[in-house]
Amino acid sequence: MRIGTDMAAVREAGDRKTASEINRRFSGPDRSEGITFGSSVWAVGDNRLEEESEEEKSSAEKTDAQKIYQAAVAGKPNPFSTARKGPKVPYGHLAKNGVIVYNGVCFVCDERTNSICLGDVTDEKKVLNIPLSGGGHLKVNRDSIGLLSKAAGMFSPEDLNLIMRAIAEDTKIQSVQKEIEDEEASVGNQLGNDAQADEGDDHTSGEV
């Protein structure tokens, strides 16, 4: 009878231990405890998951890849390409409402031609069109070229060299054209004076 009594006591103690473990498990983990699911560890604190599992990250990446793939198969543009596009004009990151203001100098952005414009550029004959190193152009009215010196700090060294070279070449071209125009005007004036002189001679000889 004593052995049976001892066995009953052991069973009772085991039942109490099992109940205690069950209660502890359902009472929730301590803040320092972690729950392991596969290869991911989720830390628990204040009843919030503090770390996202690697499996969810991988799943999100796969979802994005599937969207891109499905768009390509359907012949549609990349759904994420719009978000990755940069400025549509040179130095567009400096623009606000389509205008770049640097050191008091105002450039107007023209996305249609991928250009930034200084001064009145409606008359192409009066505009200097300068290709820039990163793509796009700088359009400057010749009457506004002097303002570029104030905005020199906005441009990269490569673009500054391109701008200075273009201005120097344009100055030479304009100088040559001016000489040609002056020479043509001089020749025209000389021909006009000669014609007037001949007419005067004719009148004089007729009177005699």
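Note that the coordinates shown come from a computational prediction; the quantities given were computed from them, not determined experimentally.

Chemist: For this particular structure, what's the right way to read the overall build of the protein?
Modeler: When you go through the protein residue by residue, the secondary structure sums to 4 helices and 8 strands. If you list the helices and strands of the protein from N to C, you get α-β-β-β-α-α-β-β-β-β-β-α. By residue count, 19% of the 208 residues in the protein fall in the buried class. As presented, the protein carries roughly 16000 Å² of accessible surface, and 52% of it is formed by carbon and sulfur atoms.

Chemist: So what exactly am I meant to see when it comes to a negative patch on the surface here?
Modeler: A contiguous patch of negative charge, built from E179, E181, E183 and E184, is present on the exposed surface. With respect to the element layout, E184 can be found in helix α4 (residues 157–207).

Chemist: Where do I start with the side chain of S115 in this structure?
Modeler: Mapped onto the secondary structure, S115 falls in strand β6 (residues 115–118). Since its relative accessible area comes to 0%, S115 is described here as buried. One polar contact links the side chain of S115 to the main-chain carbonyl oxygen of T113, over a distance of 3.0 Å. Sequence-distant contacts of S115, that is, excluding residues within four places in its chain, are made with V89, P90, V108, C109, D110, H137 and K139.

Chemist: I keep staring at the confidence of the model for the protein and nothing clicks. Help me out?
Modeler: A low pLDDT means the predicted coordinates there should not be read in detail. Of all residues in the protein, 55% attain a pLDDT of 70 or more, and the chain-wide mean is 74. Considering only residues more than four positions removed or in separate chains, one finds that residues 25–51, a stretch of pLDDT under 50, has 28 contacts.

Chemist: I tried to follow the environment of D170 on my own but got confused; where do I start?
Modeler: Within the fold, D170 resides in helix α4. Classification of D170 by relative accessible area gives buried; the value is 9%. Considered as a pair, D170 and R142 are 28 residues apart in the sequence and their alpha carbons are 9.4 Å apart. Ignoring any residue separated from it by four or fewer positions in sequence, one finds D170 in contact with L128 and R142.

Chemist: Help me understand the packing of aromatic side chains in this model?
Modeler: Inspection of the entire model under this criterion finds 2 aromatic pairs. Ring centres 5.4 Å apart and planes at 85° place the aromatic pair Y91 and F155 in the edge-to-face group. Taken as a pair, Y91 in the loop between α3 (81–84) and β4 (99–102) and F155 in the loop between β8 (137–141) and α4 lie far apart in primary sequence, 64 residues in all. Y91 gets classed as buried once you look at its relative accessible area, which sits at 15%. Judged by its relative accessible area of 6%, F155 is buried. For the ring pair F107 and F155, a centre distance of 6.0 Å and an interplane angle of 85° mean the geometry is edge-to-face. With F107 in strand β5 (residues 105–110) and F155 in the loop between β8 and α4, this residue pair connects regions lying 48 residues apart in the sequence. The two residues F107 and F155 agree in class, both being buried. Site record: aromatic cluster; members linked through ring pairs are Y91, F107 and F155.

Chemist: How should the pairing of β8 be read in this particular structure?
Modeler: The side chains of a regular strand alternate, residue by residue, between the two faces of the sheet. Of all 5 residues in β8, 4 are buried, a share of seventy percent or more. Strand direction decides the pairing type here: strand β7 (residues 127–131) and β8, joined by 5 bridges, are antiparallel. Residue pairing in the sheet places N129 in a bridge with K139 of β8. Where β7 folds back onto β8 in an antiparallel hairpin, the turn is made up of 5 residues, including G135, whose phi is positive at roughly 100°.

Rules of the game
Residues numbered from 1 in each chain as written. Predicted model: local features only at pLDDT ≥ 70, side-chain atom pairs only at ≥ 80, totals over all residues. Heavy atoms only, no water. Helix = DSSP H or I, 4+ residues; strand = E, 2+ residues; numbered from the N terminus. Buried < 20%, exposed > 50% of the residue type's maximum accessible area, 1.4 Å probe, protein only. Areas by Shrake-Rupley, 256 points an atom, 1.4 Å probe, with all protein chains shown as cover. Patch = residues over 30% accessible without salt bridge, like charges linked within 9 Å, V, L, I, M, F, W, Y side chains within 5 Å. Salt bridge = Lys/Arg side-chain N within 4 Å of Asp/Glu carboxyl O. Lys, Arg positive; Asp, Glu negative; His and termini not counted. Charge placed at Lys NZ, Arg CZ, Asp CG, Glu CD. Polar contact = N/O pair within 3.5 Å; in protein donor to acceptor, adjacent residues only side chain to side chain. Contact = heavy atoms within 4.5 Å. pLDDT = per-residue confidence, 0-100. Phe/Tyr/Trp six-rings, centres within 6.5 Å; stacked < 30°, edge-to-face > 60°. Pairing = 2+ DSSP bridges.

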